[in-house]
Amino acid sequence: MTVAEDTRAGNSDVAAHPPASQASLPGLGFAGAMATAFSQTLLLLARNRLLWLLLLGELITGVIAFGLAGFDRNRLAGHDLFCLLAWWFQSWVVLPWATMYLVVQAIHGDVEDRTVQYLFLRPVSRGALLLGKWLAASVLAATLVGAGVAVLFVGVAAVPDIWGDGIEFASLGTYLWLTLCGALAYGAFGCWFSATFRRPLVWAAVFVVSQMIAALLPVAAGVRALTVSDPLRRLLIAHVEPDSRLERILWPGDRALRDEVIGNPVLALAILTTVLLALALYRYRRAEYDARDRE
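Residues numbered from 1 in each chain as written. Predicted model: local features only at pLDDT ≥ 70, side-chain atom pairs only at ≥ 80, totals over all residues. Heavy atoms only, no water.

(A) View of the overall build of the chain. Per the secondary structure count, the chain includes 12 helices and zero strands. The 295 residues of the chain split such that 44% are buried. Intrachain contacts of the chain at a sequence separation of at least 6 include 80% that bridge at least 24 residues. Just so you have it, the chain exposes about 15900 Å², and 64% of that area is on carbon and sulfur atoms. (Helix = DSSP H or I, 4+ residues; strand = E, 2+ residues; numbered from the N terminus. Buried < 20%, exposed > 50% of the residue type's maximum accessible area, 1.4 Å probe, protein only. Contact = heavy atoms within 4.5 Å. Areas by Shrake-Rupley, 256 points an atom, 1.4 Å probe, with all protein chains shown as cover.)

Below is the structure:
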């Protein structure tokens, strides 16, 4: 046997029986890829400066809540004051903006910096990547807003004299549950915007503003069903059971809040979230994204 023949024979043996270091590793699978995308997204988003600025702002709102609770002219009970601050500031403003911003950064940021070209070449399901990023950003947003809600509660609870029958911890649990449900739903909107549109942050802003207008005006129930704030409002009514005074404070433009219109807000949010994620998955798995410079 010549040297060339011996070399070819050796190469064929190596190809048939590759070393353990060169053997192809089994794939992560859908769940493993989703878990990896989840952890990596958390690490990347933790470096976002705006995230830490929002956390600092949450601490400042706690100090403001303490000042309002101890203000001599404050005529609200502790429970009503906490619900007012938690709804109008955290659930109404911070929750939708922060959640969709983080989701857009996690998903559409890969398109802008061309990382998506590398990810789509890997033997990993696009759907697993998308769901892992959505879940990570949504959980992070829920944690951020939930911490803000807790800080507000501590600030108001630090003045126990205005609580009347005692500090009501049940309202804190209600708002934390509301925050988690809202973050997953808002994250689904941000996920769909990121997978479908070229400028998802613009569409996210349009959605949030339109939702605010729909909540303040007497629009049809079908329009409100396409929002997240209306199911969250019904969820809060079902758990807190506000009196007429608190209803006027939280929803001054809509006082006709009856038991028959509450329905099942958690189911409504689950259906809305599932539909949006299905649309996002369909688009994300089929689209070819052209990278562009960050704005």
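Let's pick the thread back up.
(B) Summary view of the environment of Val145. Mapped onto the elements of the fold, Val145 is located in helix α6 (residues 126–157). C-alpha of Val145 to C-alpha of Leu54: the two residues are 91 residues apart in sequence and 9.1 Å apart in space. Beyond its immediate sequence surroundings of up to four residues, Val145 is in contact with Glu58, Gln90, Val94, Leu95 and Thr179.

(C) Local environment of the environment of Leu55. With respect to the helices, strands and loops of the structure, Leu55 is situated in helix α3 (residues 49–69). Distance in space between the C-alpha atoms of Leu55 and Val145 is 8.6 Å, their sequence separation being 90 residues.

(D) Geometry of helix α12 (residues 265–286). Taking 1.5 Å of rise per residue, the 22 residues of α12 would be expected to cover 32 Å, and the 32 Å separating its terminal C-alpha atoms lies within 8% of that figure. Looking at α12, one finds that the buried residues are Pro265, Leu269, Leu272, Thr273, Leu276, Leu277, Ala280 and Tyr284. Summarising the axial view, the buried residues of α12 lie within an arc of 130°, below the 170-degree limit, and thus occupy one face. Seen from the buried face of α12, the exposed residues on the opposite side, beyond 90 degrees, are Thr274, Tyr282, Arg285 and Arg286. (Expected span 1.5 Å × (residues − 1). Arc of directions from axis to C-beta.)

(E) Region of the structure containing the pattern of salt bridges. Scanning all chains against the criterion turns up two salt bridges. The residue Asp230 makes a salt bridge to Arg233 at a minimum N-O spacing of 3.1 Å. A residue pair is termed a helical-turn pair when its members lie 3 or 4 positions apart in one helix, as Asp230 and Arg233 do in helix α10 (residues 229–240) at three residues. We classify Asp230 as buried; its relative accessible area is 12%. For Arg233, a relative accessible area of 9% translates into the label buried. (Salt bridge = Lys/Arg side-chain N within 4 Å of Asp/Glu carboxyl O.)

(F) Broad picture of the packing of aromatic side chains. A full pass over the atoms with the stated rule returns 13 aromatic pairs. Here Phe82 and Phe153 contribute two aromatic rings whose centre-to-centre distance is 5.1 Å and whose plane-to-plane angle is 85°, an arrangement assigned as edge-to-face. Of this pair, Phe82 sits in helix α4 (residues 78–112) while Phe153 sits in helix α6, and the two are 71 residues apart along the sequence. Under the relative-accessibility criterion, Phe82 is labelled buried at 0%. Note on Phe153: relative accessible area 3%, which makes it buried. (Phe/Tyr/Trp six-rings, centres within 6.5 Å; stacked < 30°, edge-to-face > 60°.)

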